[in-house]
Amino acid sequence: MRHIISILMENEAGALSRVAGLFSARGYNIESLTVAPTEDPSLSRMTLVTRGTDEIIEQITKQLNKLVDVVKLMDMTEGPHIEREMMLAKVRAEGDMREELKRVSDIFRGRIIDVTDKTYTIELTGAGDKLDAFLQALDQGLIIEVVRSGVSGIARGERALRL
């Protein structure tokens, strides 16, 4: 099962490396990883996506909680949450395809943020499934390059990851 784990950690050199090392040492895969400072400059919030049975996820969370840099941890998939990902897609846009690409981009609520005589760069934000569907809606020969941010997530309602 897919899990989104959000970690509040000290904003120090080597903290990310220790988390990644924990996963690689145990043979677990990180599907997505996003890290940025919080409103408190001494803390960073890391959001990672991994897959595993409930037992494996429990083991991962126990090991993460033992790391010195980890202040607090939350498995977002244990409750209602919102997740988003951002994607930039550079596509070939020539001739009649320009209008079609604009139409498809509008359907998915994307924004064309860069235009050249031969390409469009489209920005899209949403759940990973939406981004995947957008890419599938395009002729694969048009795609030049795709960059995705990885998942960012936040709990719904009063539930929050904070000190």
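J.: Which residues make up the side chain of Thr-34, and what values do they have?
T.: Relative to the elements of secondary structure, Thr-34 occurs in strand S2 (residues 32–37). In terms of polar contacts, Thr-34 uses its side chain to reach the backbone carbonyl oxygen of Ser-149, at 3.5 Å. Beyond its immediate sequence surroundings of up to four residues, Thr-34 is in contact with Arg-45, Met-46, Thr-47, Ser-149, Gly-150, Val-151 and Ser-152.

J.: Any chance you could break down the sheet that holds strand S1 (residues 2–10) for me, citing the residues and the numbers?
T.: Strands belonging to one sheet form pairs held by backbone hydrogen bonds; the direction of such a pair is parallel or antiparallel. A sheet is described by the order of its strands in space; here four strands give the open sequence S2-S3-S1-S4, paired in antiparallel fashion. The open sheet terminates on both sides in strands that have one partner only, identified here as S2 and strand S4 (70–75). In this sheet, neighbouring strand axes are inclined to one another by 15° on average, regardless of whether the strands run parallel or antiparallel. By the bridge criterion, nine bridges tie S1 to strand S3 (residues 43–51) in an arrangement that is antiparallel. Among the inter-strand pairings, Ile-4 is bridged to a residue of S3, identified as Val-49.

J.: Pulling in residues and values, what's your account of the packing of helix H1 (residues 15–25) against helix H2 (residues 54–66)?
T.: Interhelical geometry of H1 versus H2 gives an angle of 145° and a closest axis separation of 11 Å. By crossing handedness, the relation of H1 to H2 is classed as right-handed. From H1, Val-19, Leu-22 and Phe-23 reach across to H2, where they touch Ile-60, Gln-63 and Leu-64.

J.: Go over the layout of surface pockets, please, and point to the residues and values.
T.: Each pocket or cavity is described by its volume, and for the largest pocket that value is around 200 Å³. If you go around the largest pocket, you meet 13 residues; those closest to its centre are Arg-2, Glu-31, Glu-85, Gly-128 and Val-151. For the lining of the largest pocket, the elements supplying multiple residues, two or more each, are S3, strand S5 (81–92) and helix H4 (128–137). Take the lining of the largest pocket: its biggest share by element is three residues, from H4. Residues of the lining of the largest pocket, tallied by class, amount to three nonpolar, three polar and seven charged.

Thresholds applied
Residues numbered from 1 in each chain as written. Predicted model: local features only at pLDDT ≥ 70, side-chain atom pairs only at ≥ 80, totals over all residues. Heavy atoms only, no water. Helix = DSSP H or I, 4+ residues; strand = E, 2+ residues; numbered from the N terminus. Polar contact = N/O pair within 3.5 Å; in protein donor to acceptor, adjacent residues only side chain to side chain. Contact = heavy atoms within 4.5 Å. Pairing = 2+ DSSP bridges. Axes fitted to C-alpha atoms, helices over the stretch in contact; angles between N-to-C directions. Left-handed = near helix turned anticlockwise from the far one by under 90°. 1 Å grid on protein atoms, 1.4 Å probe; cavity = no way out; pocket = protein on both sides within 12 Å on 5 of 7 lines; lining within 4 Å. Points joined across faces, edges and corners; volume = space filled by probe spheres on them. Nonpolar A, V, L, I, M, F, W, Y, C, P; charged D, E, K, R; others polar.

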